[in-house]
Amino acid sequence: MSDYNKKLDEVKDELSETMGSEHFAIHYGLRNPRRGKGLGPNGVGDPDLVRWYLGALERLYREMSEPLWGRHPPRTDASGKTHVYVCDLDQVGVGVPFTAADKERVPFIVLSSRSNEPLKDGAMRRAAAEAIHEATHVFNAEKRPFHLPGFYWWAWLDEAMATYMESRVLPGNQDYFRFLSSWVDLPGVPLNDWRAAYQGCLFLHYLAEKVAPGFPHRIWIDAHLNERPLQAIHRLVSEEGRIFATSDPCKHDLFAYGYAMDSYFLRDHTVGCFAPELCSRFGERAVVESFDLSSEPSAQFQGSLPHLATHYFRCFVSRQIRRVRFVLRAAPGDEGLPFKAEVAVVQNDLPLSATQI
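1. Here's the deal with the side chain of S263
So, step 1. Structurally, S263 is set in the loop between α10 (254–262) and α11 (276–282).
So, step 2. Residue class for S263 comes out buried when judged on its relative accessible area of 0%.
So, step 3. Reaching out from S263, the side chain makes a polar contact with the side chain of R285 at a distance of 2.9 Å.
So, step 4. A polar contact of 3.2 Å, which involves the side chain of S263, links it to the side chain of Y312.
So, step 5. Residue contacts for S263: discarding those within four places in its chain leaves W183, C273, R285 and Y312.

Shown next, in the form of structure tokens:
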């Protein structure tokens, strides 16, 4: 048994209170009970927190049960409910909310009894988001249990989907923005890199907008047993008559021509990544280098880029320049690698105002 499981078992014994709903049972204790021992940081200061958790969990359950997602109920014990434990996560030894499975492979959730948010409104918003995030993992475990060896390849998408559901179930709750500053600052990180797992929610939003509203969940539930996420995305997108990613400059793919280009123009409502609030919070996505072609007749950049990642470059051109030529060359020995370049002409206020070249 891992150390955190031992610590959690010790904490569970102190959680004498239970608050239940149709699909969840939350086990918690009070910091200052009317009678008996106070639990300190393992206890909640106000049972409203537990009610807030319970409401968010049931909202996620209803959303997942809708025909659009078509999810099967998660695995439970004889009670028919998913068990949730609210305690001091630092004492458990994890520090963040998590979802795991017991010896019978039944998922359970552990949420925090504490919050370092300075305002109560922020604390409750974060609590709701974390409850929905972890409950999504519970539903995902029905199709792909955590203990299966192949789950390693799906872990990043599991986190992306959980963050995606936060934004769907709680419109207006921007708690998930805490994960997105690196998406703005580091577009050169691959889509399926673990460092970008939470940020993958934006790609799922793009697929829901450009392919079909329920497509993000199809990736999870319609993937073949031995497929990895990117393989499943390639196949399912092709079944919709689209191309996920290609280096062919004559083909409009969803990744380079679509997502990578559109996600730079966050203030343009005509593209699939319209997110003005995100742009207002963090600014424009990071560019690798900017060139002023009004003063220099030519400019060049040499570098590398991993798979399913993006580098942005800006070229400022005066009105007197009538034609600009862009050349992408592979290094010797890398000629067969699938690089793709897209070019767009934009105005000062950054709408995607011209056809991509």
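Now that the structure has been shown, we can carry on.
2. Description of helix α2 (residues 48–65)
So, step 1. With 18 residues, α2 should reach 26 Å at 1.5 Å per residue; the first-to-last C-alpha distance of 26 Å fits that figure.
So, step 2. For α2, every residue scored as buried is listed here: L49, V50, Y53, L54, A56, L57, E58, L60, Y61, E63 and M64.

3. Thoughts on the state of the cysteines
So, step 1. Under the criterion given, the structure shown has zero disulfides.
So, step 2. No disulfide involves C201; its nearest neighbouring cysteine sulfur is the one of C273, lying 11 Å away.

4. Observations regarding the environment of P297
So, step 1. Mapped onto the elements of the fold, P297 is located in the loop between β6 (289–292) and β7 (313–316).
So, step 2. Here the alpha-carbon distance between P297 and V324, two residues 27 residues apart in the chain, equals 9.6 Å.

Calculation rules
- Residues numbered from 1 in each chain as written.
- Predicted model: local features only at pLDDT ≥ 70, side-chain atom pairs only at ≥ 80, totals over all residues.
- Heavy atoms only, no water.
- Helix = DSSP H or I, 4+ residues; strand = E, 2+ residues; numbered from the N terminus.
- Buried < 20%, exposed > 50% of the residue type's maximum accessible area, 1.4 Å probe, protein only.
- Polar contact = N/O pair within 3.5 Å; in protein donor to acceptor, adjacent residues only side chain to side chain.
- Contact = heavy atoms within 4.5 Å.
- Expected span 1.5 Å × (residues − 1).
- Disulfide = S-S within 2.5 Å.

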